[in-house]
Amino acid sequence: MAHVVILGAGTGGMPAAYEMREQLGASHEVTLVSENPYFQFVPSNPWAGVGWRTREQIVFEIEPYVKRKGINFLAKRADKIDPEKNQLTLSDGSTLGYDYLVITTGPALAFDAVPGAGPFSGHQKATHSICTIDHAEKAYESYLNNIDSDNPDPIVIGAMPGASCFGPAYEYALIVQKDLEKRGARSKIPEFHFVTSEPYIGHLGIAGVGDSPKILSRHLQSLGVQYHCNMNTVKVQDGKLLSEQFNDAGEKEKAESFDFGFSMMLPAFKGVDAVANVEGLCNPKGFVIVDEHQRSPKYPNIYAAGVCIAIPPVEATPVPTGAPKTGYMIESMVTALVHNIKANIEGKEGKAEIGTWNAICLADLGDRGVGFVALPQFKPRKVDWYGEGRWVHWAKIAFEKYFIAKMKAGVSEPFYEKLIFQMLGISRLKSDESPLNQK
Ligand code: FAD
Ligand code: DCQ
């Protein structure tokens, strides 16, 4: 009997647990370990940051759902991984052994990279985040405080140097814009700035996709949002963001400061401590090094998927940026590693599966949205498509309901989902790609 432990029950970990359970025979054991007892649908957090979603709508208790599928669940943080003993030490001091470990711990938020940044800096007017439901709720409170005051101060939204997940910064800026319009409060905001480490608007950490630079800069401009690129934010004071602007040659050009009454700046990501501290497992930022089969070259019984893995940036930028890891890409990593662990447990040699890492994403911009398909993530791409419209806003709402329902029902990829994506020429595994689609 093999015991597979999945660490982190987020966008990658929950489907991984279900898929692992489905693939392995009943004689094997699957345990899911996660810091919080609840699952949150992370892509809806920007909506929670303006009160368009409540916690109850996008968060649910994990245990009853996974238990029904025969998956053990421990709502504990792992503080230490001991790969020599194949053992985790959990937050209550207990230990948990494993035969295979799947790491899906997502990001640690590197607020400490910029002095004074983050919702817990102690500043009255802090820079907020929408990366977790807790942060989004705090951001919403600060957002309301600003617009409810007699003389609201400027709004500053954007991304810190070293950030990789730029999509939600654009989403949040345009969702805030829409929400201000709805409340009739837009004209009360003296200035609205978008401050990003990307070299140009719509770069998104992937050197742009389709018309993303044009579409996003047009949106920001038409709404009176002033944008600033190549911004290296170095410090946050109470209600003030201090940044340096670089030129395209990578030289520091000028210092700029932005006063704000409300600010949301997406932080850079790094690996969580328990993972980053394992000798030889990670790169210097604490992201897990994996081969194309999602497996650690150093520890062959450790696999990883999602934001916690190391991927190289798509290109060097004047101010450092990273490449994002989006939902479909994460699901493709999960499906590949589940197949590979199963084959390993069953002693089957042969071709190990490789995830397609296709980047398909729906981003909401308030009442419309943009969708993109970048296959593969690195250029030159076979598909490089970026489209916009009201349909994307509705598609994203539909996807939210669908994903949460799927996580409650306990399935990772229903057959009709696979079929629909296959019709679009998109699959999770390289071995499922049509010959026409393969390089
Ligand atoms: P997470 O979903 O963050 O899950 C990690 C889990 O591990 C968490 O539950 C955490 O508590 C747990 N954990 C961490 N450390 C430990 C530990 N030591 N012990 C136990 N448990 C631990 N992608 C898209 O494709 N579309 C989108 O619209 C989209 N929107 C996004 C919006 C936001 C605000 C953000 C931040 C990202 C978005 N992404 C989106 C990108 C990506 O899909 C998400 O970040 C996704 O949640 C990443 O999944 P993950 O499984 O790697 O990590
Ligand atoms: O897992 C996903 C996810 O959550 C993390 C998203 O965030 C909302 C996504 O957008 C996945 C898989 C997606 C992609 C969903 C695409 C469905 C529609 C495909 C149509 C193609 C045009 C863009």
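The structure we're discussing is the one just above.
Report follows, based on the coordinates. As the structure is a computational prediction, the values presented were derived from the model and not from experiment.

1. Section: the overall build of the protein chain
Part 1: What the protein chain contains, in helices and strands, is 11 helices and 23 strands.
Part 2: In terms of C-alpha radius of gyration, the protein chain reaches 21 Å, essentially the compact-globule figure of 22 Å for 439 residues.
Part 3: With the principal axes as the frame, the protein chain shows a C-alpha extent of 65 × 55 × 40 Å.
Part 4: Across the 439 residues that make up the protein chain, the buried fraction comes to 55%.
Part 5: Nonlocal contacts in the protein chain, meaning residues at least 24 apart in sequence, comprise 67% of its contacts between residues at least 6 apart.
Part 6: Once the 44 positive and 50 negative side-chain charges of the protein chain are each reduced to a mean point, those two points are 3 Å apart.

2. Focus on the pattern of salt bridges
Part 1: Inspection of every chain in the model, using the stated rule, returns 27 salt bridges.
Part 2: For Arg-381, the salt bridge identified is with Asp-384, shortest N-O distance 2.5 Å.
Part 3: Glu-417 is paired through a salt bridge with Arg-428; the nearest N and O atoms lie 3.3 Å apart. Of this pair, Glu-417 sits in helix H11 (residues 415-423) while Arg-428 sits in the segment after H11, and the two are 11 residues apart along the sequence.
Part 4: With relative accessibility at 7%, the residue Glu-417 sits in the buried group.
Part 5: Beyond isolated ion pairs, a larger network of salt bridges with shared partners links Glu-19, Lys-406, Glu-413, Glu-417 and Arg-428.

3. Some details on the nonpolar core
Part 1: Within the largest apolar cluster, 113 residues are counted, with the highest numbers of intra-cluster contacts made by Met-14, Met-20, Leu-32 and Ile-103.
Part 2: In terms of residues, this core owes the most to one element, helix H6 (residues 167-182), which gives 8 residues.
Part 3: In this structure Met-14 touches Ala-9, Leu-32, Phe-39, Phe-60, Ile-62, Val-66 and Met-407, once residues within four positions along its chain are discounted.
Part 4: Val-114, Val-156, Val-195 and Phe-260 belong to the second-largest nonpolar core, a separate cluster that totals 11 residues.

4. Let's talk about the site of ligand 2
Part 1: In the neighbourhood of ligand 2, the contacting residues comprise Thr-11, Pro-43, Gly-327, Tyr-328, Glu-331, Ile-360, Cys-361, Leu-362, Trp-385, Lys-396, Phe-399 and Phe-403.
Part 2: With respect to ligand 2, the backbone of Leu-362 contributes an N or O atom lying 3.2 Å from an oxygen atom.
Part 3: When isolated, ligand 2 has an accessible area of 580 Å², and the protein chains bury 86% of it.
Part 4: Listing elements by their share of the shell around ligand 2, those giving two or more residues are helix H9 (327-345), strand E21 (359-364) and helix H10 (390-409).
Part 5: Partitioning the shell around ligand 2 into residue classes produces 8 nonpolar, 2 polar and 2 charged.

Each value, and the rule that gives it
- Residues numbered from 1 in each chain as written.
- Chains lettered and ligands numbered in written order.
- Predicted model: local features only at pLDDT ≥ 70, side-chain atom pairs only at ≥ 80, totals over all residues.
- Heavy atoms only, no water.
- Helix = DSSP H or I, 4+ residues; strand = E, 2+ residues; numbered from the N terminus.
- Rg over C-alpha atoms; globule rule 2.2 N^0.38 Å.
- Buried < 20%, exposed > 50% of the residue type's maximum accessible area, 1.4 Å probe, protein only.
- Contact = heavy atoms within 4.5 Å.
- Lys, Arg positive; Asp, Glu negative; His and termini not counted.
- Charge placed at Lys NZ, Arg CZ, Asp CG, Glu CD.
- Salt bridge = Lys/Arg side-chain N within 4 Å of Asp/Glu carboxyl O.
- Core = buried A, V, L, I, M, F, W, Y, C linked by side-chain atoms within 4.5 Å.
- Near = heavy atom within 4 Å.
- Polar contact = N/O pair within 3.5 Å; in protein donor to acceptor, adjacent residues only side chain to side chain.
- Areas by Shrake-Rupley, 256 points an atom, 1.4 Å probe, with all protein chains shown as cover.
- Nonpolar A, V, L, I, M, F, W, Y, C, P; charged D, E, K, R; others polar.

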